[in-house]
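Here is what each chain is made of, one letter per residue.
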Amino acid sequence: MSVSSLLRTSCRRAFGVIGGGRRSGSDLLSGVHVVPRRSIIDLSYSTHFMDFKGSSIPSSMQKLTVTRLSQHFKEAVCLNTVPVPTPGDGDLLVRNRFVGINASDINYSAGRYDPSLKPPFDCGFEGVGEVVGLGLSASARHTIGETVAYFSDGAFAEYTVVPAKKAMAVPSAKPEFLTLLVSGATAYIALKRLGELTEGETVLVTAAAGGTGQFAVQFAKRAGCHVVGTCSTDEKAGFLKSIGCDRPVNYAAEDLGQVLRQEYPKGVDVVYESVGGGVFDLAVNSLATGGRLIVIGFISGYQSASGVATVKGGTLPIKLLQKSASVRGFFLPHFLRDYQEALGSMMQMVAQGTLVCEVDCGDQAQEGRFVGLESVFRAVDHLYAGKNLGKIVVEVAPAPFASSKL
C-alpha cells in the first residue's frame, strides 16, 4: 500500500470513530446542511515523506562503513553504494552538505568505544545539511527544506537518518556550525564543569590551534584567564594570537618545558589536554597547587595498537598529593545534560560575532580541498599529520540547485 493510500485509510477510520461508526443516508438529520469534513491529515505531506520519484532524492547513495576493526582508518573503512534510508516516525532524513572530522573517528573504527559493536557499522559523528524527508512526529518540530546541524552516528554518508531530538535548526549550511557540535561543546562543557575557571588563573591548552583547542583558548579568555597555547607552526601561533592567546608556544621552535619553567614558575592552574604521552607528563609536572588537568583525549596514542601513549603513571599519585592537584577525564557523551545549554550559548556568541569558528576545508592540503566522501580518508590523514588549522570539515555535496524541488 502506498503512503498516500495508508494515510487516506487512516483518515476514514478516524472519522468513523468520531462520527460513531457508519450511518446510512436515512440516519442523517434531514434538512441539516452538512459541511464537508476537512481531512485532519495533510495528504500532501505524504509526497514529502518518501516520494523519491517525485523529488530530487535518489534511490541510492554513497556512505562510509566500518567493515573491520582497526585504528588505521583506511584499513577499517570502505566506501559503499547503498539504498537511501527511510526516516522513522521521529526521524529526519538529512542530505549532508558538510561533515566534521574528529581525532576519535579512528577510535570508533577500532571499536574502542563500544566493544559490543561489530562490523559492519556506520561512522562519522556530525553533519550539517538540508532536511529532505521526515517522519510524522518529527514534522511537529522540523520542515522539509530546513537546514539542520546534528551530533549523531552515521554522518559519513550522502544522506543520514537523524533522530529529530539530535538535530538543531541553523540559519544556513555553513561548515562553521559543525565546529560547535563536538569540538566547541567539548571545550565549553569541560572548562565549565571540570575547569572551575577563576579570573586571573593561568590555563594551558595543548593542540590549541586545532578543532577543539581554538574554543578552549577563547572560553578561557572569556573567563578572564591568562592563556598559554601550544602549536606546531608560526602560522598557527599567529592564529592563536588573533583569538586572544597570551602566550602561543610553537614547540617546533621552542622547548615547551623550558618556557613553562621560566615564564610560569608557580605552575599553571588548569590544563586542557588532548595530546597525551610526554605532553601529559609535562602538564602534570607544570600544575600549580590546586591545579586541574582535564584530559579530553590523547591523540598521540590513537594510532597505536593499544590506543594509549605511555605516561609516567607510577609517580602520578605523589605529584598530585604534593600539589593537592587533580586529573579529570572528560567524555562528551557523559555530559549530554549540558549539551543544549552549551550549543545555545555558543550559537548566541556566533550571532554576536564574538566567537571565532575556524575551519580547515583542505584548501592548503597537497591534493586540494576536501570534497566528496572519498576525501574523508585524506582529511583523517591531514589531522594526524598535524597539518590542520581549526576544525577539519569535508564538503559532501554542493548547495542544491535553485531549480530543485527542495
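Please read these numbers as outputs of a predicted model, since none were measured by experiment.

Colleague: Can you lay out the layout of surface pockets for me, pointing to particular residues and giving the numbers?
Modeller: The volume enclosed by the second largest pocket comes to roughly 450 Å³. Around the second largest pocket sit 20 residues that line it, and Asp360, Gln364, Ala365, His382 and Lys387 are the ones nearest its centre. Of all the elements in the fold, those that place two or more residues in the lining of the second largest pocket are helix H7 (234–242), strand E15 (359–360) and helix H12 (376–384). Looking at which element gives the most residues to the lining of the second largest pocket, the answer is H12, with three residues. The class makeup of the residues in the lining of the second largest pocket is six nonpolar, five polar and nine charged.

Colleague: Break down the packing of helix H5 (residues 178–195) against helix H11 (residues 339–352) for me, with residues and values.
Modeller: As a packed pair, H5 and H11 sit with axes 9 Å apart at the nearest point and diverge in direction by 110 degrees. Between H5 and H11, the angle falls in the class roughly perpendicular. Where H5 abuts H11, its residues Leu180, Leu181, Gly184, Ala185, Tyr188, Ile189 and Lys192 lie against Tyr339, Glu341, Ala342, Leu343, Ser345, Met346, Met347, Met349 and Val350. Partitioned by chemical class, the residues of the contact of H5 with H11 number 12 nonpolar, two polar and two charged.

Colleague: Which residues make up the sheet that holds strand E14 (residues 326–329), and what are the values?
Modeller: Spatial ordering of the open sheet is given by E11-E10-E9-E12-E13-E14, a layout of six strands whose pairing is parallel. Of all the strands in the sheet, the pair left with one neighbour each is strand E11 (247–250) and E14. Adjacent strand axes in the sheet meet at a mean angle of 15 degrees, parallel and antiparallel pairs treated alike. By the bridge criterion, four bridges tie strand E10 (residues 226–231) to E11 in an arrangement that is parallel. When the bridges of E11 are listed, Cys231 appears paired with Asn250.

Colleague: Would you mind going over empty space enclosed by the protein in detail, with residue names and values included?
Modeller: Counting across every chain of the model gives one cavity of 30 Å³ or more. Taken as a whole, the largest cavity spans an internal volume of roughly 40 Å³. Forming the walls of the largest cavity are Phe280, Asp281, Val284, Asn285, Lys312, Thr315, Leu316 and Lys319. Of all the elements in the fold, those that place two or more residues in the lining of the largest cavity are helix H9 (278–285) and helix H10 (316–323). Looking at the lining of the largest cavity element by element, the count peaks at four residues for H9. Looking at the lining of the largest cavity residue by residue, the class counts come to three nonpolar, two polar and three charged.

Colleague: Lay out the nonpolar core with the relevant residues and their values.
Modeller: By size, the foremost hydrophobic cluster in this structure holds 54 residues, and its most contacted members are Phe219, Leu240, Phe330 and Met346. Among the secondary structure elements, those contributing two or more residues to this core are H5, strand E9 (202–205), helix H6 (213–222), E10, H7, strand E12 (268–273) and H11. Looking at which element gives the most residues to this core, the answer is H5, with 11 residues. With residues near it in sequence (within four places) discarded, Phe219 still touches Gly184, Ala187, Tyr188, Leu191, Leu197, Met346, Met349 and Leu355. Listed in part, the 37 residues of the second largest apolar core include Ala76, Ala138, Ala164 and Val394.

Colleague: Which residues make up the sheet that holds strand E4 (residues 121–122), and what are the values?
Modeller: The antiparallel open sheet is built from three strands, whose spatial order is E2-E1-E4. Looking along the sheet, the strands with just one partner apiece sit at the ends: strand E2 (77–83) and E4. Sheet analysis places strand E1 (residues 60–66) next to E2, joined by seven bridges and oriented antiparallel. Of the residues in E2, the one forming a bridge with Leu64 is Leu79.

Definitions and limits used
- Residues numbered from 1 in each chain as written.
- Predicted model: local features only at pLDDT ≥ 70, side-chain atom pairs only at ≥ 80, totals over all residues.
- Heavy atoms only, no water.
- 1 Å grid on protein atoms, 1.4 Å probe; cavity = no way out; pocket = protein on both sides within 12 Å on 5 of 7 lines; lining within 4 Å.
- Points joined across faces, edges and corners; volume = space filled by probe spheres on them.
- Helix = DSSP H or I, 4+ residues; strand = E, 2+ residues; numbered from the N terminus.
- Nonpolar A, V, L, I, M, F, W, Y, C, P; charged D, E, K, R; others polar.
- Axes fitted to C-alpha atoms, helices over the stretch in contact; angles between N-to-C directions.
- Parallel < 35°, antiparallel > 145°, perpendicular 65-115°, else oblique.
- Contact = heavy atoms within 4.5 Å.
- Pairing = 2+ DSSP bridges.
- Core = buried A, V, L, I, M, F, W, Y, C linked by side-chain atoms within 4.5 Å.
- Buried < 20%, exposed > 50% of the residue type's maximum accessible area, 1.4 Å probe, protein only.

From the geometry alone we can't say anything about function, so treat these as descriptive.
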